[in-house]
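Structural characterization, general
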Amino acid sequence: MTQNNSLQNPDDSSQEKKRYKRVLSIAGSDPSGGAGIQADIKTISACGCFATTAITSIVDENTLGVTDVHPVPIRFVTGQIRSVLDDIGTDAIKIGMLHSAKLVKAVKETLDDYPEIRNIVVDPVMVATSGDPLLESDAVETLKTLLIPRAAIITPNIPEAEILLGEKIEGNDQLPDAARKLSECCGGVSVFLKGGHLTDTDLVDYFYNGTTGQILSMSSDRIPTKNTHGTGCTLSSALASFLAKGAPLEIAALNAKRYISAAIESGAGYEIGHGNGPVNHFFQWFDK
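This part is about the environment of Ile74. For Ile74, the location among the structural elements is in helix 2 (residues 74-87). A relative accessible area of 30% means that Ile74 is categorised as partly exposed. Residues within four places of Ile74 in sequence aside, it is in contact with Lys102, Leu103 and Ala106.

Quick look at the structure:
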């Protein structure tokens with residue numbers, strides 16, 4: 001008897017294969033799932049891209065805070081990066097927690113071997129939502145002078161911007177100038193400066209284009225919630241995802257702002273853990 005198989009052979013070379021938009025996240029892990037690599041994978045997937053990773057450190061943390069950080073050996077980090085880029089490639093890179101000056105330098109030198117990759121988003125992770133330090137003090141200058149100038153855009157919050165600038169930021173009226181100064185002191189990089197830490201004012205973020213000098217204010221409702229664990233990781237991964245899909249910097253920044261705002265708003269309705277809970281990365285599906 002002849003069997004009629006109507007299913008197409010998935011290996012049929014006559015079919016034109018689709019290609020994923022790829023985003024590589026270079027960051028630390030978070031076992032509680034709200035930040036770090038775990039948040040990056042969720043965000044990149046929710047934004048319609050394929051996530052790959054290079055894990056820089058194993059972090060013992062939960063919604064209450066960070067207990068310990070175990071750095072992954074540097075040669076193993078750079079090996080992960082090369083394994084991904086040499087085989088799968090990428091359309092954008094998000095860089096998060098790097099922990100030490102030696103690692104910052106090694107990542108930068110590794111990426112120098114792939115000059116064609118320009119869509120690099122650096123989230124200058126220095127302090128966790130809980131207030132725990134995540135970057136060694138001697139690594140700040142290395143990050144500022146070596147790695148950030150290699151990026152297309154950085155996404156500092158207020159405390160991180162203050163460290164990079166060496167000055168205090170106390171009000172929304174300072175943010176446009178602070179974004180410009182950050183660009184100037186970091187090699188002309190574009191800046192997404194997050195204003196969420198200025199809690200006595202409206203929530204306004206600023207995008208500064210390091211090439212054109214364009215400044216864009218992006219406001220949103222301030223959501224009363226403690227579920228803000230991993231917001232920085234989530235925003236930077238969303239931004240990298242929209243760049244990977246071909247959006248120019250300004251549009252990618254606006255889309256990332258909309259994504260994180262919706263994720264925070266949805267996540268406020270959930271309770272998980274005993275501290276700062278996560279945002280809802282998959283609000284498009286959970287809320288239906």
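Take the pairing of strand 8 (residues 203-208) next. Buried residues dominate strand 8, accounting for six of its six residues. Side-chain alternation along strand 8 places Leu203, Asp205 and Phe207 on one buried face and Val204, Tyr206 and Tyr208 on a second face that is also buried. With six bridges connecting them, strand 8 and strand 9 (residues 215-220) associate as antiparallel partners. What sits directly across from Tyr208, in strand 9, is Ile215. Linking two consecutive strands that pair antiparallel, namely strand 8 and strand 9, is a turn of six residues; a positive phi of about 80° is found at Gly213 within it.

The packing of two helices is summarised by the inter-axis angle and the distance between the axes. The geometry of helix 2 relative to helix 3 (residues 101-111) is characterised by a closest axis approach of 10 Å and an angle of 25° between their N-to-C directions. Between helix 2 and helix 3, the crossing angle belongs to the class labelled roughly parallel. As helix 2 runs across helix 3, the sense of the crossing is right-handed. Contacts from Ile74, Val77, Thr78, Ile81, Arg82 and Leu85 of helix 2 reach helix 3 at Lys102, Leu103, Ala106, Val107, Thr110 and Leu111. Across the contact of helix 2 with helix 3, the residue classes tally to eight nonpolar, two polar and two charged.

In this section: the pattern of salt bridges. What the rule picks out here adds up to 13 salt bridges. Note that Asp40 is salt-bridged to Lys94, the shortest N-O span being 2.9 Å. Taken together, the residues Asp40 in helix 1 (residues 36-46) and Lys94 in strand 4 (residues 92-95) connect sequence positions 54 residues apart. Of the charged contacts, one joins Arg180 and Asp177 as a salt bridge, the two residues approaching to 2.2 Å between their closest N and O atoms. A residue pair is termed a helical-turn pair when its members lie 3 or 4 positions apart in one helix, as Arg180 and Asp177 do in helix 6 (residues 175-185) at three residues. Beyond isolated ion pairs, a larger network of salt bridges with shared partners links Glu167, Asp177, Arg180, Lys181 and Glu184.

Alternating residues of strand 7 (residues 190-193) divide into Ser190 and Phe192 and Val191 and Leu193, and every residue in both groups is buried. With two bridges connecting them, strand 6 (residues 153-154) and strand 7 associate as parallel partners. The residue bridging Ile154 from the neighbouring strand is Val191, located in strand 7. Bridge analysis of strand 7 against strand 8 gives three bridges, and the strand direction is antiparallel. Residue pairing across strands places Phe192 opposite Phe207, the latter belonging to strand 8.

Running from N to C, helix 7 (residues 231-244) and helix 8 (residues 249-267) point in directions that differ by 140°, and their axes come no closer than 8 Å. Classified by the angle their axes make, helix 7 and helix 8 are oblique. Considering only the axes of helix 7 and helix 8, their crossing is right-handed. Counting all contacts with helix 7, which are made through Thr231, Thr234, Leu235, Ala238, Leu239, Phe242 and Leu243, the residues of helix 8 involved are Leu249, Ala252, Ala253, Asn255, Ala256, Lys257, Tyr259, Ile260 and Ile264. Counted by class, the contact of helix 7 with helix 8 contains twelve nonpolar, three polar and one charged residues.

Let us now look at unusual backbone geometry. Residues other than glycine seldom take positive phi values, yet His99 does so here, at roughly 75°. Its place among the elements puts His99 in the loop between strand 4 and helix 3.

Across the sheet, nine strands lie side by side as 3-2-1-4-5-6-7-8-9; this open sheet has mixed pairing. The open sheet has two edge strands with one neighbour each: strand 3 (65-71) and strand 9. Note: strand 4 against strand 5 (residues 120-122), three bridges, orientation parallel. Note on strand 5: the bridge partner recorded for Ile95 is Val122.

This part is about the side chain of Glu61. The residue Glu61 is located in strand 2 (residues 50-62) in this model. In contact with Glu61, not counting residues within four places along its chain, are Ser29, Asp30, Pro31, Ser32, Val66, Thr67 and His229.

Attention now moves to the nonpolar core. In terms of nonpolar packing, the biggest core is built from 42 residues, with Ile26, Ile81, Ile95, Val107 and Val122 touching the most fellow members. When sequence neighbours within four positions are dropped, the list of residues in contact with Ile95 reads Ile26, Val107, Leu111, Ile120, Val121, Val122, Asp123 and Leu147. Among the nonpolar cores identified, the runner-up in size contains 29 residues, and Ala46, Val121, Leu239 and Ala244 belong to it.

Each value, and the rule that gives it
Residues numbered from 1 in each chain as written. Predicted model: local features only at pLDDT ≥ 70, side-chain atom pairs only at ≥ 80, totals over all residues. Heavy atoms only, no water. Helix = DSSP H or I, 4+ residues; strand = E, 2+ residues; numbered from the N terminus. Buried < 20%, exposed > 50% of the residue type's maximum accessible area, 1.4 Å probe, protein only. Contact = heavy atoms within 4.5 Å. Pairing = 2+ DSSP bridges. Axes fitted to C-alpha atoms, helices over the stretch in contact; angles between N-to-C directions. Parallel < 35°, antiparallel > 145°, perpendicular 65-115°, else oblique. Left-handed = near helix turned anticlockwise from the far one by under 90°. Nonpolar A, V, L, I, M, F, W, Y, C, P; charged D, E, K, R; others polar. Salt bridge = Lys/Arg side-chain N within 4 Å of Asp/Glu carboxyl O. Core = buried A, V, L, I, M, F, W, Y, C linked by side-chain atoms within 4.5 Å.

The analysis is restricted to geometry; functional conclusions fall outside its scope.
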